[in-house]
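Structural overview
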Amino acid sequence: MVYNGKEVEFPAIMHVSFFKLIEQLEEMEKSKDAGQSSYAKDLLKEVEKYPELREGISDVTKLKKYQKSFDKLSKPLFPSILSTNEIKILTPPFYFEPIYTSARFDNIVKASGEPFEFRMKDVDEDLFYKYCCYFILGSYFGYPVGGSTPQFLEIENKAQGFKRVYKLLINADLSEFIPTDKAVKLTEKDFEELVDNFDDIQLWKKKFPPNSWIMRGINIVNLVDVTADQSIGNITSNLLVKSDNAFTNIQQSVRRMLNNKDLSIGIVSYENDMLVPIDHKDVNSILLQEGDWLSCDKDLCPFSCQELFVNKQPFVVTDSDYFHEASGTGMAQKLKDSGYKSYIIAPLVHEGELLGFMELASKRKYELNKGSLAMLDQILPILSMAKKRFQTESQNLVEAVIQQECTTIHSSVKWRFEEEALKFIQKQEEGEEAMFTDIVFDHLYPLYGQLDIKGSSERRNKAVSKDLIKQLNAVTKIIKAANKQKQLPVLDELLYRLNSFTDELKKNLAAGSEHRILSFLRDDVYPVFEHLKSESEELKALVEGYEDLLDPELHTVYEERKKYDTSVNLINQRLASYIDKKQIEAQEMFPHYFERYKTDGVEFNMYIGQSITNGKVFNEIFLRNLRLWQLLVMCEMENEFHSLRKELTAPVEIASLILVYSTPLSVHFRMDEKKFDVEGAYNARYEIIKKRVDKAHIKGTKERITQPGHIVIVYSQEQDANEYRTYLQFLASKGHLKHKIEDVALEDLQGVHGLRALRVAVDYAGSMGVDELIRAIEEETSAK
């Protein structure tokens with residue numbers, strides 16, 4: 001076997017074969033579909049010409065002889081419609097010399113200006129030998145070994161001026177391993193011996209002698225561009241490691257993320273209401289030289305001040321010449337003097353504290369624009385945290401790693417991130433490349449609950465319509481008064497459009513209606529108002545009265561919406577505050593992961609299991625305890641809302657739902673999204689149910705399963721229903737819930753079937769508090 005350009009020992013002999021594809025083509029040939037059958041026959045002619053395409057070609061020096069046949073047989077595996085989109089190659093097993101490639105792969109290689117050559121990084125000959133053994137153990141003997149690591153490939157892009165990074169995904173479904181007479185028949189004891197002596201290459205060669213197997217087939221290798229992910233990792237590493245060229249490396253990574261080799265990057269500090277160069281010898285500013293400064297109130301225009309210091313949002317200049325002409329500020333002059341034509345300055349904010357700004361600049365107009373912010377959003381939090389570290393060098397290094405890599409971490413899982421951070425620091429100190437590895441918690445039980453505001457979209461639309469109608473009526477009154485004083489066709493035309501918009505709103509608030517109405521008022525009505533104010537004192541008074549009617553910030557009537565928004569915000573704040581407080585108490589019972597979101601209402605996820613604890617022993621009694629706690633808290637939150645209703649400025653109702661899911665999940669902290677997510681396609685079913693179940697109807701009806709004044713428990717297993725019936729009966733006995741329990745089937749959702757639900761009404765009058773109820777449980781338990 002040839003590996004990285006030289007002959008090496010290998011447990012298997014390679015045979016390039018299309019046998020699995022040929023078998024499928026032979027089935028297609030029997031098809032009643034004439035087109036399919038004819039297509040298969042045409043391809044099978046190549047096999048008649050070269051039977052070795054099925055049997056296998058072992059001499060790699062002769063592969064070029066079969067290239068035309070490879071090209072024809074590969075077509076079904078490389079649909080032409082995807083060829084310019086997929087980065088894909090076809091290779092012999094464990095021999096990374098492509099025998100067929102997609103058009104996009106060819107374009108990438110062409111852009112590199114060099115012939116394609118694949119070399120596995122950080123994989124020596126012994127590990128390469130063991131990789132093949134892992135495949136044989138898994139595919140032939142059924143003993144899967146997770147010893148392989150993801151492989152990455154770097155390919156130069158001459159036009160962009162840097163290397164792009166690709167992750168290799170190898171599909172070996174079209175290959176097989178066949179034992180020769182030299183092969184050792186392995187037992188479970190052999191497998192255990194190999195696992196216990198994982199690094200003993202001689203033992204592996206004893207169990208898998210060289211050339212004792214035949215690997216026949218072909219591999220499909222997909223390449224996924226992970227340049228942006230690698231760049232973010234490199235930026236983070238450079239921020240954490242103090243080195244003379246750290247900022248240079250960060251600049252190169254940002255350029256690679258934004259596909260712009262000529263981009264300039266700078267950092268400025270924010271001190272005493274001034275922008276000043278950062279006090280760090282290796283970090284430069286684009287606009288400011290040493291000793292320069294920009295005063296926030298004198299050298300910046302009002303709009304840029306609002307964006308940067310109040311909204312804490314990036315300020316984008318797409319054309320510096322126009323910006324200088326329009327604003328004439330000190331900042332605009334500095335930018336003009338710099339020679340850059342487009343520029344972004346983005347706040348670095350850490351825990352609400354404005355620390356400074358990141359700068360990006362290009363010599364070309366419009367090259368930097370608001371579209372550039374999407375990528376920038378991924379690195380600004382990391383840069384912000386690094387800036388904080390520069391200001392406080394005594395900051396704990398472990399905490400810096402966790403925050404820079406993973407943002408806020410829940411206390412229940414922080415220990416696991418601290419372990420990973422220590423490994424990260426240790427690698428740095430040993431001079432190795434440090435990357436924060438993905439963190440997975442296996443075999444966790446999920447709990448999900450939500451208190452959702454019913455009909456929130458419809459209620460919000462009605463409030464918007466009422467406000468807009470009131471605003472249009474006020475405008476109509478002014479235009480009619482003006483028309484009485486001096487009849488003008490243009491005023492009649494405005495009245496016609498005002499009436500049309502009013503009639504439209506009375507029927508329904510369509511998508512885009514609000515924007516069209518406000519644009520009409522701004523562009524067509526308000527210029528007329530400015531003229532009318534000079535026509536007569538009466539009209540001036542009417543216009544000023546209208547302006548007083550508008551919200552000073554939104555510049556529109558904001559009355560009904562304000563009532564609704566205030567009510568929603570009050571509900572969210574009160575319920576979120578309540579569950580946050582109760583959650584602290586729940587952690588005392590047994591540690592578990594908890595995350596809470598405020599939407600139109602409150603929803604929360606919890607995960608509990610052995611892998612999430614640090615030293616404590618998990619028992620399923622803690623799962624049952626947390627389920628009962630969740631139900632208790634949901635009842636109490638219903639009561640909290642019930643008592644809150646008299647304080648609301650708009651009529652709002654909520655509906656509560658709990659999703660029961662007894663299958664343990666793997667939860668993965670995704671570095672790209674900085675959040676926990678379920679792992680694997682099967683587990684994703686849980687997420688699908690969460691997103692869709694609150695909109696479900698009772699089977700055979702139009703009735704939503706979630707109803708105000710009720711708690712709904714959605715389940716799929718009867719044993720879960722029995723468990724929750726016990727809880728519901730207990731809570732009913734304590735006056736927390738009504739005694740009647742409905743058990744209904746739910747309509748099938750997209751991709752989800754067989755769900756049922758228990759539904760029970762909340763007894764607001766007789767309910768006792770959660771703390772009181774927990775004491776009652778403890779008293780009953782001790783009595784027994």
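Remember, predicted model here, so these are calculated numbers, not experimental data. (Residues numbered from 1 in each chain as written. Predicted model: local features only at pLDDT ≥ 70, side-chain atom pairs only at ≥ 80, totals over all residues. Heavy atoms only, no water.)

This part takes up the sheet that holds strand β12 (residues 274-277). With respect to topology, 6 strands assemble into an open sheet ordered β13-β12-β11-β16-β15-β14, the strand pairing being antiparallel. Two strands lie at the open edges of the sheet, namely β13 (294-295) and β14 (315-317), each paired on one side alone. Bridge analysis of β12 against β13 gives 2 bridges, and the strand direction is antiparallel. Residue pairing for β13: M274 is matched across the bridge by S295. Relative to the sheet, helix α11 (residues 302-310) contacts β11 (264-271), β12, β14, β15 (342-350) and β16 (353-362), its axis offset from that of β16 by approximately 125°. (Pairing = 2+ DSSP bridges. Helix = DSSP H or I, 4+ residues; strand = E, 2+ residues; numbered from the N terminus. Contact = heavy atoms within 4.5 Å. Axes fitted to C-alpha atoms, helices over the stretch in contact; angles between N-to-C directions.)

Right, let's get into the pattern of salt bridges. This model, assessed by the stated rule, comprises 43 salt bridges. Residue E514 is joined to R561 by a salt bridge in which the shortest nitrogen-to-oxygen separation is 2.9 Å. Note that E514 is positioned in helix α19 (residues 513-532) and R561 in helix α21 (residues 560-589), a separation of 47 residues in sequence. For E514, a relative accessible area of 27% puts it in the partly exposed group. Under the relative-accessibility criterion, R561 is labelled buried at 10%. Between E742 and R759 there is a salt bridge; the shortest N-O distance is 3.1 Å. Of this pair, E742 sits in strand β24 (residues 737-745) while R759 sits in strand β25 (residues 756-762), placing them 17 residues apart in sequence. (Salt bridge = Lys/Arg side-chain N within 4 Å of Asp/Glu carboxyl O. Buried < 20%, exposed > 50% of the residue type's maximum accessible area, 1.4 Å probe, protein only.)

Before going further, it helps to spend a moment on the packing of aromatic side chains. Aromatic ring pairs are reported here in terms of the distance separating the ring centres and the angle at which the planes meet. For the coordinates displayed, the defined rule picks out 33 aromatic pairs. Ring centres of F594 and F604 lie 6.1 Å apart, and the angle between their planes is 35°; this geometry places the pair in the tilted category. Here F604 lies in strand β19 (residues 601-608) and F594 lies in strand β18 (residues 593-599), a separation of 10 residues in the sequence. It is R216 that lies over the ring of F19; its NZ or CZ is 3.9 Å from the centre. Stacked on the ring of Y340, the Lys or Arg K363 has its end atom at 4.3 Å from the ring centre. (Phe/Tyr/Trp six-rings, centres within 6.5 Å; stacked < 30°, edge-to-face > 60°. Lys NZ or Arg CZ within 6 Å of the ring centre and 35° of its normal.)

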